[in-house]
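Remarks on the overall topology
Each chain, letter by letter, is given below.
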Amino acid sequence: MSELKLMKGNEALAEAAIRAGADAYFGYPITPQSEVIEYLMTEQPEKRTGMVVLQAESEIAAINMVYGAASTGKKVMTSSSSPGISLKLEGISYLAGAELPAVIVNVVRGGPGLGTIQPSQADYFQSVKGGGHGDYKLYVLAPASVQEMSDFVEDAFDIAFKYRAPVLILSDGLIGQMMEKVQLKDQKTRLTNEELIEKYGNWAVTGRKNRERNIITSLDLQSEKMEARVHRLMKKYEQMEKEDLRYEKILCDDADYLIVAYGSSARISQKAIELARKKGIKAGLLRPITLFPYPKQPLFELADQVKGILSVELNAGQMIEDVKLSVEHKVPVEHFGRTGGIIHTPEEVLEALEQKIINNERTRHHKTRESSIL
Amino acid sequence: MTEEIIIAGFGGQGVLSMGKILAYSGIMQNQEVSWMPSYGPEMRGGTANVTVILSDERISSPYLKLFDTAIILNQQSMDKFEDTVKPGGILIYDPNGISVHPSRTDIEIFQVEATKLAAEMGNKKIFNMIILGGFLKEKPIVKLENVIEGLKKSLSERYHYLIPLNEEAINKGMSSIIPYKAKEKVIQ
């Protein structure tokens, strides 16, 4: 049976990697995600499952170790926080280009630069709009609880191997460092090379025996071949949008106003809509669980129902661009969020909803104009 | 039932571990719990606080502006968190080192002389358990037996011999907590 524990988000994620049957973890410490490597070093999973845990000499070394291990078809993970992820981006682009499965975790802190060690969601653009160079995207999962920090590790590996593509778990310092009750999954055994080939196909470099050689590379100097590769990547992203979009609607059925928020901001915004409903304001929350693919269609449909949308993020306004693209100017969309490592309170979110959306002239004007057209 | 608590003091006072024991006690009686720390880059001597929520329902925000209970262990925290107690809520503090006492009259205020009592008991480290005892006397949200189970879970086994001492400290806190009547601030 699975166990119930009180754990930090970072620890739950580390334990989940062992239980998901990961073959290797390569990382380099940085606040606020150091508990991941700290936990793995203490747990010594090489004794439990044979999983390799190695502290690399730098973030760049770690991501290239991931590339190497992933090339052999192994389940491999790395984690870091914002400045460290910036260092890994070249490697992440290579992983995407070489079509390698890997799980990358970003426990976001405030930036730019070295910024602050406190929580932030300012790496949204970096996560969903490329980050590294070239035509690629990452499948991005945004956990909002310690339970999801645990559950999403296995989900991320499943997606990474389904598409042969790197997957990002985008967390933040709040979810990483807080403790909650978590139900751990049962231990999965690590796959042998034979099981791997049977389950995911014969693509990895495992030592050629009676087969064509497999080549893992992101380089293609023949333009036609390179274009074909880019088209293949785009097909994967289209399929992700069709098959693996995830989101959650909370109190949306009768909502007049909508908050869109992910991760820690979604938790805070949920309390804000509870407070709003106590005041008689019908507010709802749409929580994107995947940031790519983005819940465009659900938002597009909700825009017909609500009078205005507030995008709540711990940054200066990043996801709001995707909200606006999704609703195609059907309703006013505003942003609210604290930065610099300051976390907005539910009360602040509610106040922003009232000031920027409910009492906003544009919101009122928008609906009057619409009703006059009708 | 939902209880929203802030525990605030210096790093090294056992603020975070007190919160952890409380959270584990909640799990022992099948409640939802969250424990959200906030501390500066410095360790011992810096400020540290933790928001602990115990609830029978799914917890939405782990980060709050207002609390049912504030447990305050130094002057800086008093300055910062006295105003965050909801009207009708409670504030518990150790008067040791407090120069500006709380002044609100719309909340219940209690004192536990935990620093002094811990010194008398010969172990400064049980300070936080004395405070926890005081809190549980006023807000018996978790049963003592579940606190002991919570202690077992949050202490590594080599420290389990300390559990009777911790239990004694909790009882000491329960019998030592006293109400404090705020003197209203004179507006000049």
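The shown structure was predicted, so the numbers you read here are calculated from the model rather than taken from an experiment. (Residues numbered from 1 in each chain as written. Chains lettered and ligands numbered in written order. Predicted model: local features only at pLDDT ≥ 70, side-chain atom pairs only at ≥ 80, totals over all residues. Heavy atoms only, no water.)

1. A word on the interface of chain B and chain A
To be explicit about the condition: Should any heavy atoms of two residues lie within 4.5 Å, those residues are considered in contact. Put simply, buried area is how much 1.4 Å-probe accessible surface two parts lose in total, over both of them, once they are put together. Salt bridges are defined by distance alone: a side-chain nitrogen of Lys or Arg within 4 Å of a carboxyl oxygen of Asp or Glu. In the analysis that follows, any N or O atom pair within 3.5 Å is treated as a polar contact, provided that within protein one partner can donate a hydrogen and the other can accept it, and provided that, for residues neighboring in sequence, both atoms belong to side chains. Only DSSP runs of H or I with at least four residues qualify as helices, and only runs of E with at least two residues qualify as strands; both kinds are numbered from the N terminus onward. All residues other than Ala, Val, Leu, Ile, Met, Phe, Trp, Tyr, Cys, Pro, Asp, Glu, Lys and Arg, Gly among them, are scored as polar; the first ten of these are nonpolar and the last four charged.
Across the contact, 24 residues belong to chain B and 24 residues belong to chain A. On the chain B side of the interface with chain A, the three residues burying the most area are Trp35, Ser60 and Tyr63 of chain B, jointly 28% of the side's total. Where chain B meets chain A, there are three salt bridges. Between lysine 181 of chain A and glutamate 32 of chain B there is a salt bridge, with its nearest N and O atoms 3.5 Å apart. Connecting chain B to chain A are eight residue pairs in polar contact (both at pLDDT 80 or more). At the level of secondary structure, the elements contributing two or more residues to the side of chain B that touches chain A comprise helix 1 (15-28) and strand 2 (32-39) of chain B. Taken together, the residues of the side of chain B that touches chain A break down into 14 nonpolar, five polar and five charged.

2. Considering the pairing of strand 6 (residues 108-111) of chain B
Residue and element names in this part refer to chain B. The following threshold applies: Two strands are counted as paired when DSSP detects at least two bridges linking them.
Pairing analysis gives four bridges linking strand 5 (residues 85-93) to strand 6, with the strands arranged parallel. Across the sheet, residue tyrosine 93 finds its bridge partner in strand 6, namely glutamine 111. Relative to strand 7 (residues 178-180), strand 6 runs antiparallel, the two being bridged by three bridges. Bridge assignment links isoleucine 109 to a residue of strand 7, and that residue is tyrosine 180.

3. Examining the side chain of serine 81 of chain A
Mapped onto the elements of the fold, serine 81 of chain A is located in the loop between strand 4 (76-80) and helix 5 (82-97). In contact with serine 81 of chain A, other than residues within four places in its own chain, are Ile30, Thr31, Pro32, Gln33, Asn106, Val107, Val108 and Arg109 of chain A.

4. Brief notes about the pattern of salt bridges
Residues and elements named next belong to chain A. Convention followed: Buried residues are those whose accessible area, probed at 1.4 Å on protein chains only, stays under 20% of the maximum for their type, while exposed residues exceed 50% and partly exposed ones sit between those limits.
Summed over all chains, the structure comprises 30 salt bridges over all chains. Between glutamate 15 and arginine 19 there is a salt bridge, and its shortest N-O distance comes to 2.6 Å. Here glutamate 15 and its partner arginine 19 are both found in helix 1 (residues 9-19), four residues apart, which amounts to about one turn of the helix. This pair shows no difference in class: glutamate 15 is buried, exactly as arginine 19 is. For aspartate 220, the salt bridge identified is with arginine 229, shortest N-O distance 3.2 Å. Counted as one network, the salt bridges with shared partners bring together Glu15, Arg19, Glu43 and Arg48.

5. Remarks on unusual backbone geometry
Residues and elements named next belong to chain A. Cis peptide bonds are those with omega within 30 degrees of zero, and the linkage from threonine 31 to proline 32 qualifies with 5°. Examined against the element boundaries, proline 32 turns out to sit in the loop between strand 2 (24-27) and helix 2 (34-43). Across the junction of phenylalanine 292 and proline 293, the peptide omega takes the value -5°, indicating a cis bond. Notably, glutamate 99 is not glycine yet its phi reads approximately 55°, a positive angle. Turning to its location among the elements, glutamate 99 is positioned in the loop between helix 5 and strand 5 (102-108). Non-glycine residue arginine 164 carries a positive phi angle of around 50°.

6. With respect to helix 13 (residues 320-327) of chain A
Residue and element names in this part refer to chain A. Under the convention used in this document: Comment: arc refers to directions from the helix axis out to C-beta atoms.
Residues of helix 13 that are buried: Ile320, Asp322, Val323, Ser326 and Val327. One side of helix 13 holds all its buried residues, which, seen down the axis, span an arc of 160°. Just past helix 13, the residue glutamate 328 takes up positive phi, approximately 50°.

7. Focus: the sheet that holds strand 3 (residues 52-55) of chain A
Hydrogen bonding along the main chain pairs the strands of a sheet, whether they run parallel or antiparallel. Residue and element names in this part refer to chain A. The test is simple: In this analysis, axes come from line fits to C-alpha atoms, helices being fitted only over the stretch in contact, and the angle between any two N-to-C directions falls in the range 0 to 180 degrees.
The sheet built from seven strands is open, its strands ordered 3-2-4-5-7-6-12 with mixed pairing. The outermost strands of the open sheet, each flanked by one partner alone, are strand 3 and strand 12 (290-292). Geometrically, the sheet is characterised by an average inter-axis angle of 20° between neighbouring strands, direction not taken into account. One ladder, built from four bridges, connects strand 4 with strand 5; its direction is parallel. Across the sheet, residue serine 79 finds its bridge partner in strand 5, namely valine 105. The strands that helix 4 (residues 59-71) touches are strand 2, strand 3, strand 4 and strand 5; relative to strand 4, the one it contacts most, it runs at about 165°. Strands in contact with helix 5 are strand 4, strand 5 and strand 7 (166-172); relative to strand 5, the strand with the most contacts, it is inclined by about 160°.

8. Things to note about the domain arrangement of chain A
All names here are of chain A. How we decide: Start and end points for every domain follow an automatic or database-based domain assignment.
The domain boundaries assigned to chain A delineate domain 1 (4-201 + 231-241) and domain 2 (248-373). Counting from both sides, the interface comprises 31 residues of domain 1 and, opposite them, 26 residues of domain 2. Regarding the contact of domain 1 and domain 2, the summed buried area is about 2400 Å², with carbon and sulfur atoms giving 57% of it. By the criterion of area lost to domain 2, the three top residues of domain 1 are Gln121, Tyr124 and Phe125, representing 30% of everything that side buries. At the boundary of domain 1 with domain 2, the tally comes to four salt bridges. Lysine 129 is paired through a salt bridge with aspartate 322; the nearest N and O atoms lie 2.7 Å apart.

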